[in-house]
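Here's the letter readout for the chains.
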Amino acid sequence: MRRVVITGVGAVSPVGNTAEETWSSLIAGKSGIGPITHFDTSDPACKVKLAAEVKDFDPSLYMEKGDIRKSDLYSQYAMAAAVQAMQDSGLEGNIDSQRLGVYVGSGIGGMDTFVDQCNTLEQKGMKRISPFFIPMMISNMAAGNIAIRFKAKGPSMCVTTACATSAHAIGEAFHTVAHGYADAMIAGGAEATINKLAVAGFTNCKALTTEEDPNRASIPFDKERSGFVMGEGGAVLVLEEYEHAKARGAKIYAEIVGYGNTNDAYHMTAPEPNAEGSAKSIELAVQEAGMPADAVLYINAHGTSTPLNDKTETLAIKKALGEEAAHKAMVSSTKSMTGHMLGATGALEAMACAYALRDGVVPPTINYREPDPECDLDYVPNEARKADIEYAITTNLGFGGHNACLVLKKI
């Protein structure tokens, strides 16, 4: 296998409209959670009042006006993150287009477009449906638009595995470069589902918190956690074969060295209580990485702030690494600040791992107050911590039982 490194990062998130701004907010413990502004929540039937929204996003910085009109918001977030990542990498114009690919996914796709066009159909009839309805809505169009923008003619696909989407996209892109099918990949995910329909759906399946205090809403691993806060945005990494990156003098953030992909095969929405599937994904990634047992380790946990996820994930970490190594590891959930960005969350958290390795700083789990006996690891509570990290693990678990794990190494 060839070595694979991260040479570019881009992000649009609830705590920043660039990767660097997002990272600065994360290590400062800045929350992006607040009252929903995307729609009116005054309806008594609307029990969820908070979300982690992107603020002051300007798609015209990254796209032409005509393309903006023909793109759902999720695709605009993806394009913005991809443009940032490619500019950061300096790769454009320095690679054979046949050797550049795109693996960018979305858990749901163009939900805003879907809602808008359903309303149009109901109010104005079939003739008024936009000819761009289908291409704006489908989940693969972000990847397609990015490939068009950068003339990326290599391997291309859209991964859709719910909340594990962009972690899987990066993992599959890692293997694509490692096994020689491409020299570089644009990989990540995006989501934009803070609308009445999606919020109602997640609320009624008991996934979202109804807490109205932003400081007690997304509280991963805290005993008082009560559900996740919906987030939105996009995050993209440029993965590049090491010798290719080295030959052109590219800046390198970190090396990707391991990837695990499993399924619980248990339940549509609930994690398997014994954490066998999620533990196995970590084991596979660590094994591929050749990570030593005594490595100085940071784990960016999925940490959704739901009662089931956080205790199950804690168990998975212990099963995969062993009790001693698990308790030595520094674990945090950046969802305490970004909320749950669904299909974008894995890529944003992989980006956080790359920055943590680069800067020697672990982002905190903010608003952590009440310890839970079933969640007894070092969750880096409330303040960032300086540490000379050697390896970083990021885990993501999706509806349908999908588990993803990535291992990054300092370079």
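Located above this text is the structure these notes cover.
Residues numbered from 1 in each chain as written. Predicted model: local features only at pLDDT ≥ 70, side-chain atom pairs only at ≥ 80, totals over all residues. Heavy atoms only, no water.

**Regarding the overall build of the protein chain**
Here is the rule: Per the convention used, a helix needs a DSSP run of H or I reaching at least four residues, while a strand needs a run of E reaching at least two, with both numbered from the N terminus. We take the radius of gyration over the C-alpha atoms and set the globule estimate at 2.2 Å times the residue count to the 0.38 power. Only heavy atoms matter for contacts: two residues are in contact if any of them lie within 4.5 Å across the pair. Per-residue and other accessible areas follow the Shrake-Rupley method at a 1.4 Å probe size, with only the shown protein chains counted as cover for residues.
Along the protein chain, the regular secondary structure elements total 14 helices and 14 strands. A compact globule built from 411 residues should have a C-alpha radius of gyration of about 22 Å, and the protein chain, at 20 Å, falls within 12% of that. Viewed in the frame of its principal axes, the protein chain has a C-alpha envelope of about 65 × 55 × 40 Å. Taking as baseline every contact in the protein chain between residues at least 6 positions apart, the subset at least 24 positions apart corresponds to 80%. Counting only carbon and sulfur atoms, one obtains 52% of the accessible surface of the protein chain, whose full area is about 15800 Å².

**Some thoughts on helix 11 (residues 307-321)**
Operational definition: Given a helix with a known number of residues, its expected span is that number minus one, times 1.5 Å. Relative accessible area decides the class of each residue, using a 1.4 Å probe on protein chains only: under 20% of the type maximum gives buried, over 50% gives exposed, and in between gives partly exposed.
The end-to-end C-alpha separation of helix 11 is 22 Å, in line with the 21 Å expected for 15 residues at 1.5 Å each. For helix 11, every residue scored as buried is listed here: Asn 309, Asp 310, Thr 312, Glu 313, Thr 314, Ala 316, Ile 317, Lys 318, Ala 320 and Leu 321. Contacts from the buried residues of helix 11 go to helix 10 (276-289), strand 9 (297-300), helix 12 (323-328), strand 10 (330-332) and strand 13 (391-398).

**Notes on the state of the cysteines**
Quick reminder of the rule: The disulfide criterion is simple: two cysteine sulfur atoms within 2.5 Å.
Evaluation of the coordinates by the stated rule reveals zero disulfides. A disulfide-free cysteine, Cys 46 has its sulfur positioned 15 Å from the sulfur of Cys 205, the nearest such atom. The class of Cys 46 is buried, set by a relative accessible area of 14%. Cys 405 carries a free sulfur, and the closest cysteine sulfur to it, the one in Cys 353, is 9.3 Å from it. Look at Cys 405 and you get buried, because its relative accessible area is 0%.

**Observations concerning the nonpolar core**
Applicable threshold: Grouping buried Ala, Val, Leu, Ile, Met, Phe, Trp, Tyr and Cys residues that are joined through side-chain atoms within 4.5 Å yields what is termed a nonpolar core.
Membership of the largest hydrophobic core comes to 53 residues, with the highest contact counts inside it found for Ile 6, Ile 170, Leu 239 and Leu 408. Ignoring anything within four residues of it in the chain, the contact list for Leu 408 reads Ile 6, Ala 254, Glu 255, Ile 256, Val 257, Ala 350, Cys 353, Ala 354, Leu 357, Glu 390, Tyr 391 and Ala 392. Counting residues in each nonpolar core, the second largest holds 33 residues, with Met 79, Ile 95, Phe 150 and Ala 184 among its members.

**Points about the side chain of Ser 305**
Our working definition: Any pair of nitrogen or oxygen atoms within 3.5 Å is treated as a polar contact; in protein, a donor-acceptor pairing is required on top of that, and neighbouring residues in sequence qualify only through side-chain atoms on both sides.
Position of Ser 305 among the secondary structure elements: in the loop between strand 9 and helix 11. A relative accessible area of 0% means that Ser 305 is categorised as buried. Within the local environment of Ser 305, its side chain forms a polar contact with the backbone nitrogen of Ile 219, the two atoms lying 2.9 Å apart. When residues no more than four places from it in sequence are discounted, the contact partners of Ser 305 are Ala 217, Ser 218, Ile 219, Pro 220, Arg 225, Ser 226, Gly 227, Phe 228 and Asp 310.

**What to know about the pairing of strand 13**
We count it as follows: Think of it this way: DSSP has to see at least two bridges between two strands before they count as a pair.
Extensive coverage of strand 13 is indicated by the burial of eight of its eight residues. Pairing analysis gives four bridges linking strand 9 to strand 13, with the strands arranged parallel. Among the inter-strand pairings, Leu 297 is bridged to a residue of strand 13, identified as Tyr 391. As paired elements, strand 13 and strand 14 (residues 402-409) share eight bridges and run antiparallel to each other.

Bear in mind that shape data such as this cannot, by itself, settle questions of function.
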